[in-house]
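Read off the chains here:
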Amino acid sequence: KYASQMNHINIHVKNGEVIIQGWTPNKKDRKDIEKIVKKTKCVKKVTNNLKIGTDGGCTNGTKPCGEICIPNEQTCNIKGKG
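Below you will find a few notes about this structure. (Residues numbered from 1 in each chain as written. Predicted model: local features only at pLDDT ≥ 70, side-chain atom pairs only at ≥ 80, totals over all residues. Heavy atoms only, no water.)

Glancing now at unusual backbone geometry. Within the chain, Asn 15 stands out as a residue other than glycine whose phi angle is a positive 55°. You can see Asn 15 is positioned in the loop between β1 (9–14) and β2 (17–24). Overall, the relative accessible area of 63% leaves Asn 15 in the exposed class. Phi at Cys 42 takes a positive value of approximately 80°, unusual for a residue other than glycine. Residue position: Cys 42 is located in the loop between α1 (27–39) and β3 (45–52). (Helix = DSSP H or I, 4+ residues; strand = E, 2+ residues; numbered from the N terminus. Buried < 20%, exposed > 50% of the residue type's maximum accessible area, 1.4 Å probe, protein only.)

Next comes the structure, spelled out in structure tokens:
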């Protein structure tokens, strides 16, 4: 259902805490993606940083990852990007 979002979303996981970054076209998709992550076994906490609509260039302390920006210390898991 969300295959078209694959280049717009990056998931960072550490010790069961999940950070969702990127963008989605609407609020419904944003909520649905968060629900999917929360239902995943072993997830303790979810921080949903998905923005509605598209975003501009990367700010200081961030780097490109697909069509989004992530903190420099995180790994981009979008295939073939970052």
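Once the structure has been displayed, the description carries forward.
With that settled, consider the side chain of Gln 21. By the secondary structure assignment, Gln 21 is in strand β2. Beyond its immediate sequence surroundings of up to four residues, Gln 21 is in contact with His 8, Ile 9, Asn 10, Asn 49, Leu 50, Ile 68, Ile 70, Pro 71 and Gln 74. (Contact = heavy atoms within 4.5 Å.)

It is worth spelling out the sheet that holds β2 at this point. Taken together, 3 strands build an open sheet; the order of strands is β1-β2-β3 and the sheet is mixed. A strand with exactly one partner marks an edge of an open sheet, and here the two such strands are β1 and β3. Looking at each pair of strands side by side, their axes are set apart by 10° on average, direction ignored. As defined by bridge partners, β1 adjoins β2 across 6 bridges and the pair is classed as antiparallel. The residue of β2 that forms the bridge with Asn 10 is Gln 21. (Pairing = 2+ DSSP bridges. Axes fitted to C-alpha atoms, helices over the stretch in contact; angles between N-to-C directions.)

Attention shifts here to a positive patch on the surface. A contiguous patch of positive charge, built from Lys 27, Lys 31, Lys 35 and Lys 39, is present on the exposed surface. Within the secondary structure layout, Lys 27 lies in helix α1. Exposure remark for Lys 27: the relative accessible area of 65% places this residue in the exposed category. (Patch = residues over 30% accessible without salt bridge, like charges linked within 9 Å, V, L, I, M, F, W, Y side chains within 5 Å. Areas by Shrake-Rupley, 256 points an atom, 1.4 Å probe, with all protein chains shown as cover. Salt bridge = Lys/Arg side-chain N within 4 Å of Asp/Glu carboxyl O. Lys, Arg positive; Asp, Glu negative; His and termini not counted. Charge placed at Lys NZ, Arg CZ, Asp CG, Glu CD.)

It is worth stressing that arrangement in space is one thing and function is another; only the former is reported here.
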